[in-house]
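Tertiary structure, described
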Amino acid sequence: MYHKYDAVIVGAGGAGLMAALYASRGVRTAVLTKLYPTRSHTGTAQGGVGAALGNHEEDHPEWHTFDTIKGSDYLADQDAVKTMCYEAVDIVYELEHMGLPFNRTKEGKIAQRPFGGHTNNVTKQPVRRACYAADRTGHMILQTLYQQCIKNNVTFFDEFHVLDLLVEDGTTRGVVALEIATGELHVFHAKAVLFATGGWGKVWSITSNAHTLTGDGPAIALRRGIPLEDMEFFQFHPTGIYKMGILITEGVRGEGGVLINNEGERFMERYAPTIKDLASRDVVSRAIYLEIRAGRGIDGKNYVYLDVRPETVNKYFDLDGKKNPDGTPRRITAADIEAKLPDIADFTRTYLGIDPITQPMPVQPTAHYAMGGIPTDVWARVLIDGKRTVLPGFYAAGEVACVSVHGANRLGTNSLLDINVFGKRAGIDMVRYCRENDFLPLPKEPEAFAREQLESLRSRQDGRERVADIRREMQEMMMEHVGVFREEPGLKQAIDTIKDLQDRYQHIAIDDKGKRFNTDLLEAWELGALLDVAEVTTAAALSRKESRGAHYREDYPKRDDKKWLRHSLALRKDGKIELRYKPVTITEYEPKERVY
Ligand SMILES: Cc1cc2nc3c(=O)[nH]c(=O)nc-3n(C[C@H](O)[C@H](O)[C@H](O)COP(=O)(O)OP(=O)(O)OC[C@H]3O[C@@H](n4cnc5c(N)ncnc54)[C@H](O)[C@@H]3O)c2cc1C
């Protein structure tokens, strides 16, 4: 089947929907999504969206900018960070005016809570910058944007799985997608294409990410010769539910929750004396691992406690001298937990049989967020080399993109911000591009490459390998060697294992030979994407011989600005990953050591 739209948006998370809203105001726009839109991962985001509204206390976009750059371990491009943090205030009000039901202060303003790494730049104390709708902020963003898209008659192709990007003579021509219900291939002819396909936490065994986050976007881009930027930087969130990886929002610590080891000690006091449990995620994740390695995990196991019981929290509020704006001592009650963290209370009761009001929660770091991805400028235009050359008509926004606003480590609440700010910018620039350019012809046999990939998966005669086995082996190996701590021998072993798994992938068995709802086939295709992304991540991690943000090399424990203050760009050439580098944009803030 053949379709023609000016703008095609792949992905219906926050980034895709915001872009669709803006693009559809100017040109014919279609959204393709492998999930029903409101099932996108954005809907699971809990804690909040960052913006220096200053509704509780003094705050400034400039402070937000500095915190983001510092949190990024100085790898973020400073012009891009500034764009995001200054546009944050308006985008939050825009969401409010669309009807997003934020929690409120007593005066009726948008309520804000503290989050890791967000500070008052003068006192260095945590500042309340995260705007929240209970612990369902992402759910509310997704629902609000989806309603707006429906109101504005955006055309949706739900459960269409994109397999290929059409590029010819250095310009974008469209995409090829499989309709999951029928198994038919569809060609979408377009002037402009946006990838807003989200992250790839499924590369690791313990992850907060949904099953569908398999790195389709970056894998397709890589196969079409587009480089991937800063892939070695993948964030582990410190507080996933033990063994399950399900996220417990940093909002819990924002409300006063503390991390405790088997000696009952609040150990973050030793690692980050000023900001303690609200240090940035890379710092807290490493601290948890170090505690576990030192034998201070609970019951000698691989977890620590996250404690938000009112008695514990109020004790530490007193010790820390925490006060309300009116000078009275800060307090948290059971009712506050039920009101501000209802989903967390529900998760832990359901999955663990633990009531967070009376019991501490067992947590361990969980693979959470991709800082790297498809390189773009601040208008979400994809850049294909170190000279920032644009690939006309191709855009990327949201977690799949690397602008780079998060550098080596993202601060909490900055992704919900990123998807809105750069989703909007993508939509606006796609309209400009579509108005200035005519449709270019499709390549000959546009669906040939996608068909070939599927046919080769479907028709393997010697199928003896199981998709689930290869996936599990990859995930466990990545957790062990390309996780929070890395070193050369482990990374080399990881490369060999991935090669071996890629060979075995050539012999997988697909049981379902049919066409309709063939999830067996699509899972196999997704595994191919995961393996590609794992390979790039590992190659980039092996090559970066320093520690910065989320990338921690035990054999190179120091940050090395002289050699490594640069972004990596990974390309596949003749079956091998080749790494190139490009400079970091530094405007006002000279790199300093991060101290918490
Ligand atoms: C549990 C959890 C909690 C979080 N909490 C917060 C928070 O409090 N604050 C914060 O700032 N960030 C948070 N994050 C991070 C943030 O939510 C995500 O980074 C962000 O929502 C990603 O949005 P997105 O639009 O880029 O992609 P997603 O919302 O992941 O959407 C991806 C879309 O791409 C589509 N897609 C993917 N592949 C294909 C394909 N091949 N064909 C067609 N469609 C495809 C999917 O159908 C989906 O619609 C959290 C993340 C998780 C996992």
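Described in the following lines is the structure provided in the data block. Computed from a prediction, not measured in an experiment: that's the story for all the values here. (Residues numbered from 1 in each chain as written. Predicted model: local features only at pLDDT ≥ 70, side-chain atom pairs only at ≥ 80, totals over all residues. Heavy atoms only, no water.)

**Considering helix α15 (residues 488–505)**
The end-to-end C-alpha distance of α15 is 25 Å, a good match for the 26 Å that 18 residues give at a rise of 1.5 Å each. Every buried residue of α15 is listed here: G490, L491, A494, I498, L501, Q502, R504 and Y505. All buried residues of α15 lie within an arc of 155 degrees about the axis, which places them on one face of the element. For α15, the exposed residues lying more than 90 degrees away from the buried face are P489, D496 and D503. (Helix = DSSP H or I, 4+ residues; strand = E, 2+ residues; numbered from the N terminus. Expected span 1.5 Å × (residues − 1). Buried < 20%, exposed > 50% of the residue type's maximum accessible area, 1.4 Å probe, protein only. Arc of directions from axis to C-beta.)

**Some remarks on the pairing of strand β9 (residues 185–195)**
Most of β9 is tucked away, with eleven of its eleven residues classed as buried. The sheet contact formed by strand β1 (residues 2–10) and β9 spans eight bridges and is parallel. From the neighbouring strand, K4 faces β9, where its bridge partner is H189. Alignment of strand β8 (residues 171–179) against β9, held across five bridges, turns out to be antiparallel. Following the sheet pairing, V176 is matched in β9 by V187. If you look at the hairpin formed by β8 and β9, you'll find five residues sitting between the two strands, and G183 has a positive phi there, around 80 degrees. Bridge count between β9 and strand β17 (residues 390–396): three bridges; the pairing is parallel. Within β17, the residue paired with V193 across the bridge is F394. (Pairing = 2+ DSSP bridges.)

**Looking at the state of the cysteines**
Enumeration according to the criterion identifies zero disulfides in this entry. Between C131, a cysteine without a disulfide, and C85, which holds the nearest cysteine sulfur, the sulfur-to-sulfur distance is 12 Å. Relative accessible area serves as the criterion here: at 0%, C131 is assigned to the buried category. Considering cysteine sulfurs only, C85 is the nearest to C402, which forms no disulfide, with 15 Å between them. (Disulfide = S-S within 2.5 Å.)

**Here we look at the environment of L278**
Note on placement: L278 falls in the loop between α7 (268–271) and α8 (281–293). Note: C-alpha distance between L278 and Q125 (153 residues apart in sequence) is 9.7 Å. Discounting chain neighbours no more than four positions away, the residues touching L278 are P114, F115, G116, G117, P126, R253 and G254. (Contact = heavy atoms within 4.5 Å.)

**Looking at the sheet that holds strand β20 (residues 576–583)**
With antiparallel pairing, the three strands of this open sheet are ordered in space as β10-β19-β20. Each edge of the open sheet is held by one strand with a lone partner, namely β10 (228–229) and β20. As paired strands, strand β19 (residues 566–573) and β20 are joined by eight bridges and run antiparallel to one another. Within β20, the position partnered with L571 by the bridge is E578. Taken strand by strand, helix α16 (residues 519–543) contacts β10, β19 and β20, and its axis lies near 55 degrees from that of β20. (Axes fitted to C-alpha atoms, helices over the stretch in contact; angles between N-to-C directions.)

**Concerning the pairing of strand β5 (residues 126–131)**
The element β5 is largely enclosed, with a buried count of six among its six residues. Taken together, the two bridges between strand β3 (residues 49–50) and β5 define a ladder with antiparallel strand orientation. Across the sheet, the residue bridging to G50 is A130, located in β5. In this structure, strand β4 (residues 112–119) lies alongside β5, joined through four bridges in antiparallel fashion.

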